Amino acid sequence: MPYTLWFDKAGREAIGLVGGKNASLGELIRADIPVPPGFSVTTEVFSEFLSAGGLKEKIKNLLSKIDIQDVSSVENISNRIRQLMAETPFSKRIEEEISFNYQALAQVFDVHDLPVAVRSSATAEDLPGASFAGQQDTFLWVQGTDEVLEKIKLCMSSLFTPRAISYRIKMGFPHEKVLISVGVQKIVDARAAGVMFTLNPTNGDPSKVVIEGNWGLGESVVSGICNPDKFVVDKVTQEIDKAISLKECECVYDPVRREVIHADTPPDRREIPCIEDQEVLELTRYAKRVEAYYGCPQDIEWAIDKQKPFPLNIFMVQSRPETIWSQQKKEPVLGKKSAYELLMEKALSRVKVSS
Amino acid sequence: MAEKKGFPMPLEVEYPKELEGWEEMYPPMYMFSKDRKEWEEKHFWFHDKIHAPEAMYPLDLIFHEAWQISLSQYTTRVFCIPPAQGIAQRMVGCYMYITPVAPPPPEIIGEKAGLFQKRVFYVFDHYDELWGVWLKKFKALGEEMNNIKVPEEFPKFEPDDTVLPEPKGYYTSYDVIEAWDKLVDMMIKGWQYHFQYLNLAYLAYLLFADICRKLFPGIAESTIGKLVAGAYVQMFRPEEELCRLARLAAAVPAVSKILKSDIPADKKIESLRKTAEGNDWLVEYEKSKDPWFFVSCGSGWFHYEGSWTTKLDIPFGYLKADIERIEKGEKIERDVPSIDKARAELAEEYRKLIKTDEDRKSFDDTYRAVRTIYKYAEDHLFWVEHWFHTIWFDKVREFGRLLVKYGMLKAPDDIYLFNRFEVPLLLEDMATTWALGEGVPSRSQYWQAKAEKRNKILDAAKKWNPIPALGTPPEEVAEPFTVMLWGITTDKVQDWLKGMAVVPAEVTELKGFASSAGVVEGKVRVVKLLEEITKIEEGEILVCPTTNPAWAPVFTKIKASITDIGGLTSHAAIVCREYGVPSVTGTGIATTVLKTGDTVKVDGNTGIVKILKRA
């Protein structure tokens, strides 16, 4: 079993090794979608890490002491487990392989200490709703081998946050069945970023792509701290319906504090669209392609690089099935009526003219 | 019933003093009156800016009288659209107002539903064959009208061959009276045919639009229009014939040189007659002329618009421009096959987005039905409003000349100052005077004075700005035309209410229907009267009460169009989509608010017009 797998080498067949999130990146690459490059640290690393030095037994032992009624007990055990994991080093071989891959990635871009995003990607083969079983953690702007290794371990230990533990207990998921993989991905130095849906989430209209975006990194849109610009694009006619918001803050990387911060958006950029029409249309094209590849509506995270020229500046960083409308049964909207029945209905109807 | 929302009641309208006496020009049932006050005040009357944007000449009202009856009876008594009733008309200071009549009682709706099902479903099933029958019947009626003989004069003595060997039994006095009666009868009949399938076509469109909105809640209105619009529409044929003639001429320098010169059209024809090549081209021109140049220079609703057969400078002007464009290597024809292909592809792409087989079937069935029957809505326009009306105007002109010849009127067009019930009085006076013998006076001074007074009233009316609506806005409308053609919706009524209170100079934005996609900025040209259309310059944005397909050639010149009135299938919307020109229709107040030279941004995707700079 490999310790690491480049994204383009692992699609849905490797979900047990790389987790759902990383596998979906592999699938996007197969669908010819531009995805920032990177690799997965597989569940093999997680398993081996736990097995070595009897970590697994210690954790099991600690977990068995939890009194689910007592919040402080969950907290306490969680802290102890995460502390234990932080103190236990990865094996030499694991460290070397991750370090080798990270250096290789950095070399591609000719950047020393290439900034990457480190994200957890949980898997629980036969457990539905696995994404909730592992607390999803993301670290942005991670630089240098040491920090990458540290954040990978933090992602792994996020499986034992109080929330993740309580959730598994409540749902009856066995702790040992949930495994975690970690993605290490080149970060997009985003001029603008956001999310998009391959249908209109407000009314289920399948002929629309709805794009929401803000200046800077996508976190401001995902977390909902700022009103994003909204673009509703017709998949067929490409007509764009825009709602440009007053965008007062954005997420940016602060090189001094070495972290992602919420910054005030400069006044001259607050009221102008964060993406141009040609970028909106290019995103729409990718949205349609992703949806066609998966055969169901998708919820996609995207980012637009600051430096690269259009259209090479556009990247998808994640895609998952849209949950609300897709879960509805595919019932006919028109109620299985013939054209004549519909005509009769129409002929009997009246158009409201005054409220 | 909705409470009063701010429009004045019909009898509260105040008229300028100069309009005094306007009422006597129109039939009495066209007046708001105390005896019908209660019923009239319950209804919502709006100025019909689509078909009657201008002050109405009494004889031009005949088309409206005819459609009021015909449109209404098909809805109420023939195809029986269950909750809908007819559309009633009134005159308000020389302008025509209309209202959809309130729905009938529930038991009538029930009775109508049965008849509707039986009759309408049948028509939808047999539409292809029925359209052929209709066209044949209608062309025959037009030919019959064209064959009406209007006497050129009253003879001093009836010629021998009408008396010997056996007296004919009726003479010129009767011929004149009969010819007029026939002419009027045929016009009324033509309009009975006009609505034979039109209500159903609009109903089919509304149904399809509903289905599209259920499947794709955010679909643009302009996209629905594009899906339904036909590329092979006969209303575009006059222009296609011009293109054909321009191509022929461009290939022969001797002909194109004459057609490109700056002399009047009749002089061009004279010059062409002098050469063999010129005559060859004229033979082709004559082939196109009947029926395709029997097309109004305007909407076909007003006698003064003229047609391509009476105002030759219009088609010859288009020909000149077309030849010049051919010589510059430009393409002048609409690319019909690719327009049609684009429509088919558009439909297929939406179809693919439908999630279930059942929905796809309903979509397919309805789309097929609307595509079949909607062709009628587009094609009848040429045959009725253009071809048939042109024949009518030609015949009425003959009566006008006869009345001038015998001193009843000063100018042939003065006949239009008398309504269709009054014209027989003039004709009878003229015929009686002739019959009575020599030295007998007619009431010519009375008729001439009346004509003069009415001309003055109409001139005053043209300067008057009638308010958009009267009476009580209804809560709902079931009448398909009100929504489709006039675009009457809640928003529209609200906008009109707002519009009545606005100071034109303070308005910064207009809202209407997003009728044809695209966004452009530019200077506007406000065209209130049809004659002003020739003033339009390359790259201007046309602002008008409403447009129609006969203006088609100017659509290659303009950047966008904005109208006061008109829904998504109004003539302006159809033409703009065909030409890919952005359009916002039904703004209610564009011609009041905008002045020629103002700079605006027209957004045909959202239906918003922003005023960027005042001239």
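Residues numbered from 1 in each chain as written. Chains lettered and ligands numbered in written order. Predicted model: local features only at pLDDT ≥ 70, side-chain atom pairs only at ≥ 80, totals over all residues.

S.K.: Please explain the overall build of chain B as it appears in this structure.
M.R.: Along the backbone of chain B there are 20 helices and 13 strands. Taking 25 Å as the expected radius of gyration for a compact globule of 615 residues, we find that chain B reaches 25 Å, a close match to that expectation. With respect to the three principal axes, the spread of C-alpha positions in chain B is 80 × 70 × 55 Å. (Helix = DSSP H or I, 4+ residues; strand = E, 2+ residues; numbered from the N terminus. Rg over C-alpha atoms; globule rule 2.2 N^0.38 Å.)

S.K.: Before we go on, may I ask you to explain the overall build of chain A in this structure?
M.R.: The helix and strand tally for chain A stands at 12 helices and 14 strands. With respect to the principal axes defined by its C-alpha atoms, chain A has extents near 75 × 45 × 40 Å. Put simply, chain A has 355 residues, and 42% of those count as buried. For chain A, the share of sequence-separated contacts (at least 6 apart) that also reach a separation of at least 24 residues comes to 66%. (Buried ≥ 20, exposed ≤ 12 C-beta atoms within 10 Å, placed from the backbone. Contact = placed C-beta atoms within 7 Å.)

S.K.: Looking at this structure, how should I read the packing of helix α3 (residues 55-64) of chain A against helix α4 (residues 71-87) of chain A?
M.R.: In a pair of packed helices, the angle between the axes and the distance between the axes together describe the arrangement. All names here are of chain A. Two elements in contact, α3 and α4, have axes separated by 10 Å at closest approach and are oriented at 170°. Here α3 is positioned roughly antiparallel relative to α4, judged by the angle of their axes. Packed against α3, whose contacting residues are L55, K58, I59, L62 and L63, the element α4 presents I77, R80, I81 and L84 at the interface. Taken together, the residues that form the contact of α3 with α4 break down as seven nonpolar, no polar and two charged. (Axes fitted to C-alpha atoms, helices over the stretch in contact; angles between N-to-C directions. Parallel < 35°, antiparallel > 145°, perpendicular 65-115°, else oblique. Nonpolar A, V, L, I, M, F, W, Y, C, P; charged D, E, K, R; others polar.)

S.K.: I tried to follow the environment of V554 of chain B on my own but got confused; where do I start?
M.R.: All names here are of chain B. Examined against the element boundaries, V554 turns out to sit in the loop between β9 (541-544) and β10 (560-563). For V554, a count of 19 C-beta atoms within 10 Å gives the class partly exposed. Apart from residues lying up to four places away in sequence, V554 is in contact with I533 and I536.

S.K.: Looking at this model, I keep getting lost on the pairing of strand β13 (residues 608-613) of chain B. Mind explaining?
M.R.: Looking along a regular strand, one sees side chains alternate from face to face of the sheet. All names here are of chain B. Of the pairings in the sheet, the one linking strand β6 (residues 509-511) to β13 comprises three bridges and is antiparallel in character. Counted as the bridge partner of L510 is V609 from β13. The pairing of strand β12 (residues 599-603) with β13 spans five bridges and is antiparallel. Across the sheet, residue D603 finds its bridge partner in β13, namely I608. (Pairing = 2+ DSSP bridges.)

S.K.: What is the right way to look at the pairing of β9 of chain B in this model?
M.R.: All names here are of chain B. Across the two faces of β9 the burial is the same, with I541 and V543 and L542 and C544 all buried. Relative to β9, strand β8 (residues 519-526) runs parallel, the two sharing three bridges. The partner of R525 across the bridge, within β9, is L542. As judged from the four bridges shared by β9 and β10, these two strands associate in the parallel manner. Each residue of the ladder has a partner; that of V543, found in β10, is I562.

S.K.: How do you make sense of the nonpolar core when you look at a structure like this?
M.R.: Grouped together as the largest cluster of nonpolar side chains are 169 residues, with contacts concentrated most on A201, A204, Y205, F208, I373 and V543 of chain B. When residues in this core are grouped by element, the largest group, 21 residues, is from helix α14 (residues 357-405) of chain B. Those residues in contact with F208 of chain B that sit more than four places away from it in its chain are V228, T366, Y367 and V370 of chain B. Among the nonpolar cores identified, the runner-up in size contains 82 residues, and F49, M196, V221 and I275 of chain A belong to it. (Core = buried A, V, L, I, M, F, W, Y, C linked by C-beta atoms within 7 Å.)

S.K.: Explain helix α8 (residues 162-171) of chain A to me, please; I cannot follow it from the model alone.
M.R.: Because each turn of an α-helix spans 3.6 residues, side chains separated by three or four positions end up pointing in the same direction. All names here are of chain A. Of all the positions in α8, only A164, I165 and R168 are classed as buried. Burial along α8 is one-sided: seen end-on, the buried residues are contained in an arc of 100°. Just downstream of α8, G172 is the residue with a positive phi angle, here 75°. (Arc of directions from axis to C-beta.)

S.K.: Help me out: how do you make sense of the domain arrangement of chain A in this one?
M.R.: You'll often see interface size given as the accessible area lost when the parts meet. All names here are of chain A. In terms of domain boundaries, chain A breaks down into domain 1 (4-186) and domain 2 (190-321). Spacing between the C-alpha centres of domain 1 and domain 2 amounts to 27 Å. Taken together, the contact pairs 10 residues of domain 1 with 14 residues of domain 2. Listed by contribution, the elements that provide at least two residues to the side of domain 1 that touches domain 2 are α1 (15-30) and β4 (138-142). When residues of the side of domain 1 that touches domain 2 are assigned to their parent elements, the largest contribution, three residues, is made by α1. Looking at the side of domain 1 that touches domain 2 residue by residue, the classes come out as eight nonpolar, one polar and one charged. (Domains from an automatic or database assignment.)

S.K.: Hey, could you run me through the packing of helix α4 (residues 127-146) of chain B against α14 of chain B in this one?
M.R.: Residues and elements named next belong to chain B. Axis separation between α4 and α14 bottoms out at 10 Å; the angle between their running directions is 5°. With respect to α14, the element α4 is oriented roughly parallel. For the pair α4 and α14, contact is made by Y127, D128, W131, F138, G142, M145 and N146 and by T372, I373, Y376, W383, W387, F388, I391, W392 and K395, respectively. Taken together, the residues that form the contact of α4 with α14 break down as 11 nonpolar, three polar and two charged.

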